[in-house]
Amino acid sequence: MVRLDGAMRLEPQDDSLQLVVPIAGSINVAGSANPLGDHVLIGGDGEGIVLSGVTGQPALLIRLPRHLVQAAAYAAEGIPRRIGRIRLTLPLHDPANPLVQAIARMIGEGGSATEGLADDLVTALAAELLQHPQAPMIFSVASAVQRALDRVTLVNGDPVVLDDLLRAAGVTQVTLRRTIKETTGLSLSRLVHEARLEWGRLRLESHLESRSLSALADALGYRPSAFTRAYQRFFGETPTQTRTRAFVTAR
């Protein structure tokens, strides 16, 4: 939390999104015709942000690493995305909105954030950006990572070979690992692991799948007991529960 003293310039942060929230009154933003009042400004366009207001006026300044917001967007939607150069405002009118609630909590904490509050803020911001009318311009699909994911899906339970993923992605191993981490928050091996579990779940939910749980586990490269443990940790239910629920729903 800061107090304005005339004009204040926030230097651009290529690896972060900068959020500006007026706590009292309105703040003028250079280059914008409208003062920043009951909105949060999100800056990430590679340009500095120049603020001005009444001397001593309080404002909340937040920096969120891009890769954390991108990982939260992937967790919400399952599509690896990059956040482009953006500058936009989001309203803070709705007290039931998770982003509004997280910002209010942060203001109540004097501008500091516990780890849990920071996580809530990142998750809420990712959700708001995904729902924004300009979402197609805010985000771009990380095509190399998506091609690797598509390759995992296409092998239909056969072992995943790293060279196959690299050929599908069209990038080097170093680039693929780095891009996966930046856009999903996961390692390459973890991404493949989760994608295979998702494939297993789709098979369990399909009325066309006749293989036993042991056969599906084998197709995914697991021992049956290891598959059940990994599946339950990830989805919160056992493979048997998934199959039973899908069967009951289909009746």
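This report concerns the structure included in the present document. Nothing here was measured: the structure is a model prediction, and the numbers come from that model.

**Things to note about the packing of aromatic side chains**
Consideration 1: Applying the stated rule across the entire model yields four aromatic pairs.
Consideration 2: Residues Tyr222 and Phe227 carry aromatic rings whose centres are separated by 5.7 Å and whose planes lie at 45° to one another, so their mutual orientation is tilted.
Consideration 3: For Tyr222, a relative accessible area of 17% corresponds to the buried category.
Consideration 4: Looking at Phe227, the relative accessible area reads 1%, which means it is buried.
Consideration 5: Judged by centre distance (4.6 Å) and plane angle (50°), the ring pair of Tyr231 and Phe235 falls under tilted. Of the two residues, Tyr231 and Phe235 both sit in helix α10 (residues 224-235), four residues apart, roughly one turn of that helix. With respect to burial, Tyr231 and Phe235 carry one shared label: buried.

**A few points about the sheet that holds strand β4 (residues 28-29)**
Backbone-to-backbone hydrogen bonds join strands into a sheet, with any given pair of strands oriented parallel or antiparallel.
Consideration 1: Strand order across the open sheet formed by three strands is β2-β6-β4, with antiparallel pairing between neighbours. Bordering the open sheet on either side are β2 (7-10) and β4, each of which pairs with just one other strand.
Consideration 2: Direction of pairing for β2 relative to strand β6 (residues 49-52): antiparallel, over a ladder of four bridges. For Leu10, the partnering residue across the bridge sits in β6 and is Ile49.

**Side note on helix α7 (residues 173-184)**
Consideration 1: Its 12 residues give α7 an end-to-end C-alpha distance of 16 Å, which sits within 8% of 16 Å, the value for a rise of 1.5 Å per residue.
Consideration 2: Buried residues of α7: Leu176, Thr179, Ile180, Thr183 and Thr184, and no others. Each buried residue of α7 lies within a common arc of 105° when the element is viewed along its axis, so the set occupies one face.
Consideration 3: Directly beyond the C-terminal end of α7, a positive phi value near 80° is found at Gly185.

Reading the values: rules and limits
Residues numbered from 1 in each chain as written. Predicted model: local features only at pLDDT ≥ 70, side-chain atom pairs only at ≥ 80, totals over all residues. Heavy atoms only, no water. Phe/Tyr/Trp six-rings, centres within 6.5 Å; stacked < 30°, edge-to-face > 60°. Buried < 20%, exposed > 50% of the residue type's maximum accessible area, 1.4 Å probe, protein only. Helix = DSSP H or I, 4+ residues; strand = E, 2+ residues; numbered from the N terminus. Pairing = 2+ DSSP bridges. Expected span 1.5 Å × (residues − 1). Arc of directions from axis to C-beta.

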